[in-house]
Amino acid sequence: MFSPEAFRPVLAKFIRILDECQTRFLLTGGILAVLYAEPRYTQDVDLVVDREQLRPRLDDFLGALQAAEYLFTPQVVRNAVKEGRMFQVIDGQEMLKLDIYTRELVGGELDRSSTFELFPGLPLPIASRPDLAMSKLIWI
């Protein structure tokens, strides 16, 4: 288990890649417990990405992941984006995992996100409290 702060450099690097690929995203999952509930340790970070924005930039995205030393299987990522499924990447330096969801579990959650500085100097779009709760129920 890792403290949420351990994910700051990994998220900053991943977000730069999404920004370069002009793909909107939001932070969701257990790490938001730091904001909405009480601090806790977590094993990964969950992000929802806009599949329609990522799809035409997928080759650039995969190249950027490789250049940034993320560990992943390109065909798994391609299939996940094509089929609207989740894929995982692991930061090759920090060995921390990101779960990337290529579809909204709660329709419209990307549009309802708000920006919050969960880590100093790193404002992030985050899922709303109701969307976070609903997505956890759907996932379960």
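Structure first, text after, so check above.
Residues numbered from 1 in each chain as written. Predicted model: local features only at pLDDT ≥ 70, side-chain atom pairs only at ≥ 80, totals over all residues. Heavy atoms only, no water.

A. Expanded view of the packing of aromatic side chains. For the coordinates displayed, the defined rule picks out three aromatic pairs. Between the aromatic rings of F14 and F61, the centroid separation amounts to 6.0 Å while the plane-to-plane angle is 85°, which identifies the pairing as edge-to-face. Of this pair, F14 sits in helix α1 (residues 8-20) while F61 sits in helix α4 (residues 58-67); the two residues are 47 residues apart in sequence, bridging distant segments of the chain. Judged by centre distance (6.3 Å) and plane angle (75°), the rings of F61 and F87 are edge-to-face. (Phe/Tyr/Trp six-rings, centres within 6.5 Å; stacked < 30°, edge-to-face > 60°. Helix = DSSP H or I, 4+ residues; strand = E, 2+ residues; numbered from the N terminus.)

B. View of unusual backbone geometry. Phi at Q22 takes a positive value of approximately 50°, unusual for a residue other than glycine. Locating Q22 in the fold gives a position in the loop between α1 and β1 (25-28). With phi around 60°, M95 is a residue other than glycine that occupies positive phi space. You can see M95 is positioned in the loop between β4 (86-91) and β5 (97-101).

C. Local environment of helix α6 (residues 129-139). The set of residues buried in α6 consists of D131, L132 and S135. One face of α6 carries all of its buried residues, which in axial projection span an arc of 100°. In α6, the exposed positions that point more than 90 degrees away from the buried face belong to P130 and L137. The N-terminus of α6 is capped by S128, whose side-chain oxygen sits 3.1 Å from the backbone nitrogen of D131. (Buried < 20%, exposed > 50% of the residue type's maximum accessible area, 1.4 Å probe, protein only. Arc of directions from axis to C-beta. Polar contact = N/O pair within 3.5 Å; in protein donor to acceptor, adjacent residues only side chain to side chain.)

D. Quick peek at the pairing of strand β6 (residues 114-119). Two elements, β6 and strand β7 (residues 122-126), share four bridges in a ladder whose sense is antiparallel. Note on β7: the bridge partner recorded for S114 is I126. Between β6 and β7, which pair antiparallel in sequence order, lie two residues; one of them, G121, sits at a positive phi of approximately 80°. (Pairing = 2+ DSSP bridges.)

E. Representation of the side chain of D50 within the structure. Checked against the element boundaries, D50 lands in the loop between β2 (44-49) and α3 (51-54). For D50, a relative accessible area of 11% puts it in the buried group. Within polar-contact distance, the side chain of D50 engages the side chain of R24 at 2.8 Å. In contact with D50, other than residues within four places in its own chain, are T23, R24 and L110. (Contact = heavy atoms within 4.5 Å.)

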